Structure formats: structure tokens, C-alpha cells
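Structure assessment
Here are the chains, one letter per residue:
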Amino acid sequence: MEFHKKLKELRTKAGMTQMQLGAQIGVTKSVISYYELQERIPSPEILVKLAAIFHVSTDYLLGIEKKSVIDVSGLKEEDVAILQQITAYMRKKNKDEISGFVK
């Protein structure tokens with residue numbers, strides 16, 4: 001997915017308006033709109049701010065890294081362990097479905 005689409009998707013999933021996002025990173029609503037319309041490219045400093053707000057890597061924002069990351073900060077170790085077990089289960093289930101071994 002391209003940066004402009006990814007930015008809009010992350011912003012809307014977070015329930016933020018262009019104005020709210022702009023205020024958080026120190027730009028206007030218009031600048032966010034330009035990013036989402038592919039009329040401007042953010043500076044490296046803005047990319048870092050966006051990544052921090054959405055808890056993703058800059059590589060993910062730029063489409064270099066394909067996997068998304070779940071921010072588990074603030075969770076207890078046992079909660080993280082449960083998420084890891086769920087993730088492993090879902091990967092196996094999806095792999096089995098793709099392979100035709102659906103139960």
C-alpha cells in the first residue's frame with residue numbers, strides 16, 4: 001500500500017480528523033490533505049512523528065515493511081504471552097486454510 005493510502009487508513013482507524021492529526025505533528029489540516037492526496041511528501045521528521053502517533057515504524061508507513069506491529073506497551077507479561085499464543089494459533093489456522101486442510 002502506498003504512503004498516502006496508509007496514512008489515511010491509519011488516521012481514520014484512529015478516529016482522527018485531518019485537523020487533529022495536523023495539530024499533533026505541528027502542521028495544518030491542508031498539509032495532511034496534501035499528504036493524503038499525494039501532492040506533498042512529508043519530511044523525515046514528520047514521518048517519525050507520524051510513526052510515533054500510530055505506533056508503527058517509518059518503514060511500515062513508507063511501504064518498505066509489510067508487517068504491521070501491535071503496540072503492547074502497558075500490558076502485563078501474561079497478557080503479551082496470551083496475544084502471542086493467539087497470533088500463533090491464527091497463523092496456523094490461516095496456513096491450514098490456504099493449504100486446503102480446513103477442519
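We now turn to the structure provided with this report. (Residues numbered from 1 in each chain as written. Predicted model: local features only at pLDDT ≥ 70, side-chain atom pairs only at ≥ 80, totals over all residues. Heavy atoms only, no water.)

1. A few points about the overall build of the chain
Within the chain, the regular secondary structure consists of six helices and zero strands. The linear arrangement of helices and strands in the chain, starting from the amino end, is α-α-α-α-α-α. Its C-alpha atoms give the chain a radius of gyration of 17 Å, more than 25% over the compact-globule value 13 Å for 103 residues. With respect to the three principal axes, the spread of C-alpha positions in the chain is 50 × 35 × 25 Å. Across the 103 residues of the chain, 26% fall into the buried class. Across the chain, every contact between residues at least 6 apart in sequence was considered, and the portion connecting residues at least 24 apart equals 45%. Total accessible area on the chain stands at roughly 7500 Å², and carbon and sulfur atoms take up 57% of it. Between the centroid of the 16 positive side chains of the chain and the centroid of its 13 negative side chains there is a distance of 5 Å. (Helix = DSSP H or I, 4+ residues; strand = E, 2+ residues; numbered from the N terminus. Rg over C-alpha atoms; globule rule 2.2 N^0.38 Å. Buried < 20%, exposed > 50% of the residue type's maximum accessible area, 1.4 Å probe, protein only. Contact = heavy atoms within 4.5 Å. Areas by Shrake-Rupley, 256 points an atom, 1.4 Å probe, with all protein chains shown as cover. Lys, Arg positive; Asp, Glu negative; His and termini not counted. Charge placed at Lys NZ, Arg CZ, Asp CG, Glu CD.)

2. Quick word on the environment of E65
By secondary structure assignment, the location of E65 is in the loop between helix 5 (58-62) and helix 6 (77-99). The exposure class assigned to E65 is partly exposed, which follows from its relative accessible area of 22%. Beyond its immediate sequence surroundings of up to four residues, E65 is in contact with S57, D59 and Y60.

3. Points about the packing of helix 1 (residues 3-13) against helix 3 (residues 29-36)
One can describe the packing of helix 1 onto helix 3 by two numbers: an axis separation of 7 Å at closest approach and a directional angle of 125°. Considered as vectors, helix 1 and helix 3 are oriented oblique to each other. Only I32, Y35 and E36 of helix 3 make contact with helix 1, whose side of the interface consists of F3, H4, L7, K8 and R11. Of the residues contributing to the contact of helix 1 with helix 3, the split by class is four nonpolar, one polar and three charged. (Axes fitted to C-alpha atoms, helices over the stretch in contact; angles between N-to-C directions. Parallel < 35°, antiparallel > 145°, perpendicular 65-115°, else oblique. Nonpolar A, V, L, I, M, F, W, Y, C, P; charged D, E, K, R; others polar.)

4. Concerning a nonpolar patch on the surface
Among the surface-exposed residues, I70, V72, L75, I82, L83, I86, Y89 and M90 lie close enough to one another that they form a single nonpolar patch of about 730 Å² accessible area. Inspection of the secondary structure assignment puts I70 in the loop between helix 5 and helix 6. (Patch = residues over 30% accessible without salt bridge, like charges linked within 9 Å, V, L, I, M, F, W, Y side chains within 5 Å. Salt bridge = Lys/Arg side-chain N within 4 Å of Asp/Glu carboxyl O.)

5. Here's the deal with the pattern of salt bridges
According to the stated counting rule, one finds two salt bridges in the structure shown. Ionic pairing is found between K13 and E9, a salt bridge with its closest N-O pair at 3.4 Å. Of this pair, K13 and E9 both sit in helix 1, four residues apart, which is roughly one turn of the helix. A salt bridge links E36 to R11; its shortest N-O distance comes to 2.6 Å. With E36 in helix 3 and R11 in helix 1, this residue pair connects regions lying 25 residues apart in the sequence.

6. Brief notes about helix 1
The complete set of buried residues in helix 1 reads F3, H4, K6, L7, L10 and R11. Relative to the axis of helix 1, the buried residues are bounded by an arc of 165° and lie together on one face. Tucked into the core, helix 1 has its buried residues touching helix 2 (18-25), helix 3, helix 4 (44-54) and helix 5. (Arc of directions from axis to C-beta.)

7. A closer look at the packing of helix 2 against helix 4
Direction vectors running N to C along helix 2 and helix 4 enclose 115°, while the axes themselves pass 10 Å from each other. Between helix 2 and helix 4 lies a crossing of right-handed hand. Mapping the contact onto sequence places L21, Q24 and I25 in helix 2 and I46, K49, L50, I53 and F54 in helix 4. The residue makeup of the contact of helix 2 with helix 4, split by class, is six nonpolar, one polar and one charged. (Left-handed = near helix turned anticlockwise from the far one by under 90°.)

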